[in-house]
Amino acid sequence: MEKYYQPEIECASRKQIRAWQDERLVRQVRHAYDSVPYYRHLMEEQGVTPDDIQSANDLHKLPFTYKKDLRDTYPYGLFAVPMKDIVRLHASSGTTGKQIVVGYTLEDLDIWDTIVARQLVAAGATEEDKVHISYGYGLFTGGLGLHGGATKLGATVIPASSGNTARQITILKDFGSTILCCTPSYADYIGETLQEMGISPDELSLKAGIFGAEAWSEEMRRDIEKKLGIKAYNIYGLTEIMGPGVAYECSAQDGMHVNEDHFIVEIIDPETGEVLPDGQQGELVFSCITRQAFPLLRYRTRDIGAIHRGTCSCGRTFVKMSKPMGRTDDMLIIRGVNVFPSQIETVLLNHGYPANYQIIVDRVKSTDTLDVHVEMTPEMFTDNMGEIARRQKELVEGLRSLLGLAAQVTLVAPKSIVRSEGKAVRVIDKRKI
Ligand code: ADP
Ligand code: ZN
């Protein structure tokens, strides 16, 4: 039986969801216009006033906002309430460029906790569970985001934070953690360390994991599920919009429900800005319709995905977004071909390699080169050069057939690629150095 944290909201009729969105968007636009001079200016430039926004149908009239807007107004220029009402600051983890800062009121935090609690319940958690949080704590939203949701649910929080993997495993074992929350690459690392320590997942009490903050493939999901003996759920979010929990996965494990009572999602053509029909792949754009401190509207995430409406086997009625392939910033253009690291990951894992790889891009004599360094498992490891050459060739063929691109593959020794405790750094683009 599917469990919900708030069935009356998560399974509301589409008509009801629409009514919430209409009312909240109208109020939010007014709030942003009245409280943030920068916003008022953006809207004036576009020739719109709050009166032009009568329902969610009018969303497309609003200007887009970009990371640049957050940088230009750094640190507090987009805050819509006085500082005395701000109870928390977070900053993006700075994966790409200068960090940005966002603020939360007490009510904003309560909404955030609520949407994360929805994810926990969708993953099967109850107040009986011990939620082990190995996302980093601090300005990064991962740790405190999951922390707030698990506390709100009434579960027992284990605020392990990231790092010191052997100790994580002792805690998992001794404290009887039942739900693990971290990045997928760290979950994989924890699984690998378990194997090395000769601990079987049966010796742990884990039943589910909530993993996000970076792109990961279905193959990686299966790998983690096997290594840890759990069901692995994907969670999506970004600091600018809230943090983890903007969208959450259900028992169907096939895309994430967007918390549409708080966010409106659109998919647009990143080149033209035109709104695309459901099912079509494009850039995810979010509008926060309830957030008080930071009322970001039509924010261009640069994440690439698609949205799907229709009934979900779990009974939830929120629209679903596909797992993002990655962000446009991560997309590599190699000799004119678009390549996402997650596509390369799919090929590697399908051939039985671990998710420990690095993609090195360079330009030699004005031609782009793509070199994929991938670790052999200890079982594969050999000094037989013929065998290594055969394996490399096999992967080159696999990459060629999926990407339509000639890549170079270098097999490296087990444990030679540095492990990630947070977001993995998969790409080294020497063309940009
Ligand atoms: P930074 O931009 O510095 O990494 P954030 O911690 O706010 O800061 O990261 C948000 C970004 O992380 C998203 O825009 C997206 O690119 C990525 N992300 C978050 N969750 C997922 C997920 N489940 N799948 C793929 N990418 C994700
Ligand atoms: Zn569902």
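The residue numbering used here restarts from 1 in each chain and proceeds along that chain's sequence as written. Working convention: letters from A go to chains and numbers from 1 go to ligands, in the order in which they are written. It should be noted that, the model being predicted, local features are given only for residues of pLDDT at least 70 and side-chain atom pairs only at 80 or more, the latter also being counted only at that level, while totals for whole chains, interfaces and linings use all residues. Side-chain measures here rest on the full set of heavy atoms in the structure, leaving out hydrogens and waters.

**Brief notes about the coordination of the zinc ion (ligand 2)**
Ideal geometry at a metal centre gives angles of 109.5 degrees when four donors are arranged tetrahedrally and 90 or 180 degrees when six donors are arranged octahedrally.
Working step 1: Distances from the zinc ion (ligand 2) to its protein donors, Cys 250 (SG), His 257 (NE2), Cys 312 (SG) and Cys 314 (SG), fall within 2.1 to 2.2 Å.
Working step 2: Donor residues binding the zinc ion (ligand 2) come from one chain and are separated in sequence as C-x6-H-x54-C-x1-C. Pair noted here: Cys 250 is in the loop between strand S8 (243–249) and strand S9 (256–258) and Cys 312 is in the loop between strand S13 (307–308) and strand S14 (320–321), with a separation of 62 residues, a long-range link. The pair formed by Cys 250 and Cys 312 is uniform in burial state, with each residue classed as buried. Listed donor atoms are N, O and S within 2.8 Å of the metal (Na, K and Ca: 3.2 Å). As water is not included, a site may look incomplete. Strands are runs of DSSP state E lasting at least two residues, helices are runs of H or I lasting at least four, and both sets are numbered from the N terminus onward. Each residue is assigned to one of three classes by its accessible area relative to the maximum for its type, calculated with a 1.4 Å probe on protein chains only: buried under 20%, partly exposed between the two thresholds, exposed over 50%.

**What to know about the layout of surface pockets**
Working step 1: The computed volume of the second largest pocket comes to approximately 520 Å³.
Working step 2: In this analysis the probe radius is 1.4 Å and the grid spacing 1 Å, with only protein atoms considered; a cavity is a set of points the probe fits into but cannot get out of, a pocket is an open set with protein on both sides within 12 Å along at least five of seven lines, and lining residues have an atom within 4 Å of a point. What lines the second largest pocket is a set of 23 residues, among which Gln 195, Asp 223, Lys 227, Pro 354 and Thr 377 lie closest to the centre.
Working step 3: For the lining of the second largest pocket, the secondary-structure elements that each account for two or more residues are helix H8 (184–196), helix H9 (218–228) and helix H10 (341–350).
Working step 4: Examining the composition of the lining of the second largest pocket, we find that five residues originate from one element, H9, more than from any other. Grid points are joined across faces, edges and corners, and a volume is the space filled by probe spheres set on the points.

**Observations concerning unusual backbone geometry**
Working step 1: Put simply, Tyr 74 and Pro 75 share a cis peptide bond, and its omega is 0°.
Working step 2: The topology assignment puts Pro 75 in the loop between helix H4 (67–72) and strand S1 (88–91).
Working step 3: Here the phi dihedral of Ser 161 falls at roughly 60°; this positive angle occurs in a residue that is not glycine.
Working step 4: The topology assignment puts Ser 161 in the loop between strand S4 (156–158) and helix H7 (165–175).
Working step 5: The exposure class of Ser 161 is buried, given its relative accessible area of 19%.

**Overview of the packing of helix H5 (residues 106–122) against helix H6 (residues 141–153)**
Working step 1: Helix axes are fitted to C-alpha atoms over the stretch in contact, other axes to C-alpha atoms as well, and angles between N-to-C directions run from 0 to 180 degrees. Where H5 meets H6, the axes come as close as 7 Å, and the angle between the chain directions of the two elements is 75°. Here H6 runs roughly perpendicular to H5, going by the angle between their axes. Contacts from Asp 110, Trp 112, Asp 113, Thr 114, Val 116, Ala 117, Leu 120 and Val 121 in H5 reach Thr 141, Gly 145, Leu 146, Gly 148, Gly 149, Ala 150, Lys 152 and Leu 153 in H6.
Working step 2: Among the residues forming the contact of H5 with H6, the class breakdown is eight nonpolar, five polar and three charged. Should an angle fall under 35 degrees it is called roughly parallel, over 145 degrees roughly antiparallel, and 65 to 115 degrees roughly perpendicular, with every other angle called oblique. Residues count as neighbours in contact if any of their non-hydrogen atoms are within 4.5 Å of one another. Only Asp, Glu, Lys and Arg are considered charged in this grouping, and only Ala, Val, Leu, Ile, Met, Phe, Trp, Tyr, Cys and Pro are considered nonpolar; every other residue, Gly among them, is considered polar.

**Quick word on empty space enclosed by the protein**
Working step 1: Under the defined criterion, the tally for this structure stands at one cavity of 30 Å³ or more.
Working step 2: By volume, the largest cavity amounts to about 40 Å³.
Working step 3: Lining of the largest cavity is provided by Leu 70, Thr 73, Tyr 74, Pro 75, Leu 78, Ile 100, Val 101 and Phe 294.
Working step 4: A per-class count over the lining of the largest cavity returns seven nonpolar, one polar and no charged.

**Comments concerning helix H11 (residues 385–403)**
Working step 1: To estimate the expected span of a helix, subtract one from its residue number and multiply by 1.5 Å. Its 19 residues place the ends of H11 26 Å apart at the C-alpha level, agreeing with the 27 Å of an ideal helix rising 1.5 Å per residue.
Working step 2: Among the residues making up H11, those that are buried are Ile 388, Arg 391, Leu 395, Val 396, Gly 398, Leu 399 and Leu 403. Here the buried residues of H11 occupy an arc of 160° about the axis, which is enough to place them on one side. Among the exposed residues of H11, those pointing more than 90 degrees away from its buried face are Lys 393 and Ser 401. As used here, the arc is the angular range of directions from the helix axis to the C-beta atoms.

**Things to note about H10**
Helical geometry: 3.6 residues make up each α-helical turn, so side chains three or four residues apart lie on a common side.
Working step 1: Judged by how many residues are buried, H10 sits mostly within the fold: eight of 10 residues are covered.
Working step 2: Burial in H10 covers these residues: Pro 341, Ser 342, Ile 344, Glu 345, Thr 346, Val 347, Leu 348 and Leu 349.
Working step 3: Considering only its buried residues, H10 is in contact with H9, strand S17 (337–339), strand S18 (357–364), strand S19 (367–375), H11 and strand S21 (427–429).
Working step 4: Of the residues flanking the end of H10, it is Gly 352, one or two places downstream, whose phi is positive at about 90°.

**Side note on the pattern of salt bridges**
Working step 1: A side-chain nitrogen of Lys or Arg and a carboxyl oxygen of Asp or Glu constitute a salt bridge if their distance falls within 4 Å. Here the structure, examined in full by the defined rule, presents 34 salt bridges.
Working step 2: A salt bridge links Glu 260 to Arg 14, with the shortest nitrogen-to-oxygen separation between them at 2.6 Å. Taken together, the residues Glu 260 in the loop between S9 and strand S10 (263–268) and Arg 14 in helix H2 (residues 14–35) connect sequence positions 246 residues apart.
Working step 3: Of the residues examined, Glu 260 reaches a relative accessible area of 3% and is grouped as buried.

**A short note on the side chain of Asp 188**
Working step 1: Locating Asp 188 in the fold gives a position in helix H8.
Working step 2: With a relative accessible area of 4%, Asp 188 lands in the buried category.
Working step 3: The contact partners of Asp 188, leaving out residues within four places of it in the chain, are Met 220, Asp 223, Ile 224, Lys 227, Ala 355 and Asn 356.

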